[in-house]
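# Coordinate inspection notes
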Amino acid sequence: SWAVIIAPEGKHHVRTPQYLFELLKYLRTITASRKNKIMLLGFSRGAAWILDCALTSSQYFDAAIAFAPYPWTKDKWTNANEARCLMQVRVPLLLVHYAQDEFCNALQYSKWFENLALGMAARPGGDFGQRQRSFFSVVVRGIHETAHSTWLSFEFSALSDQAPQRFWAEVW
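Report on the accompanying structure. Please read all numbers here as calculations on a predicted model, not as lab measurements. (Residues numbered from 1 in each chain as written. Predicted model: local features only at pLDDT ≥ 70, side-chain atom pairs only at ≥ 80, totals over all residues. Heavy atoms only, no water.)

### Focus on unusual backbone geometry
With phi around 55°, Lys35 is a residue other than glycine that occupies positive phi space. Mapped onto the secondary structure, Lys35 falls in the loop between α1 (18-31) and β1 (39-43). For Lys35, a relative accessible area of 65% puts it in the exposed group. Notably, Ser44 is not glycine yet its phi reads approximately 55°, a positive angle. Considering the arrangement of structural elements, one finds Ser44 in the loop between β1 and α2 (45-57). (Helix = DSSP H or I, 4+ residues; strand = E, 2+ residues; numbered from the N terminus. Buried < 20%, exposed > 50% of the residue type's maximum accessible area, 1.4 Å probe, protein only.)

So this is what it looks like as structure tokens:
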């Protein structure tokens, strides 16, 4: 297995750099002959970058987990639309949100969280506003630092919801 870690410094609202899309395209090319799987993991800004990749370049990876992701704008209607589009991405996606996250919470991005919650409550399907069977969004206890710890340790036992287990079943 390979691990490519990109951890640039800077402000949280730096949009996904073009080199990340190019890197994914390159990794898909060099792993195609062996059909190696590419899985993305991201925390905070890295998680937001994963959502950009999912929305525009999902053909270049096979699954993704985003810890403490956030949408790029505070515009409620843009966020609602983005949430609906994310739920229709055709690769397994797990979004793990933290209820007491001081940077990304349901009060800051109400329409985004509302649409994700509605998608999770409804039966999966292919219509806009529904979610693919392989899309999961879960809100668990904790703050932003809890998300960072989970991302570093990959220890899912703290996530009491069954979504992570269902996500893994979809991946395999």
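Let's pick the thread back up.
### A word on the pattern of salt bridges
Tallying each qualifying case throughout the model produces three salt bridges. We note a salt bridge from Asp52 to Arg15, for which the minimum N-O separation is 2.8 Å. In this pair, Asp52 sits in helix α2 while Arg15 sits in the segment before α1, placing the two residues 37 residues apart along the sequence. On the basis of relative accessible area, Asp52 is assigned to the buried category, the value being 8%. Here Arg28 makes a salt bridge to Asp62, at a shortest N to O gap of 3.2 Å. A residue pair is termed long-range when its members are at least 10 positions apart, and Arg28 in helix α1 and Asp62 in the loop between α2 and β2 (63-67) qualify at 34 residues. (Salt bridge = Lys/Arg side-chain N within 4 Å of Asp/Glu carboxyl O.)

### So, helix α4 (residues 110-121)
Compared with the 16 Å implied by 1.5 Å per residue over 12 residues, the 16 Å span of α4 between its first and last C-alpha is a close match. Within the sequence span of α4, burial applies to Lys111, Trp112, Phe113, Asn115, Leu116, Gly119 and Met120. (Expected span 1.5 Å × (residues − 1).)

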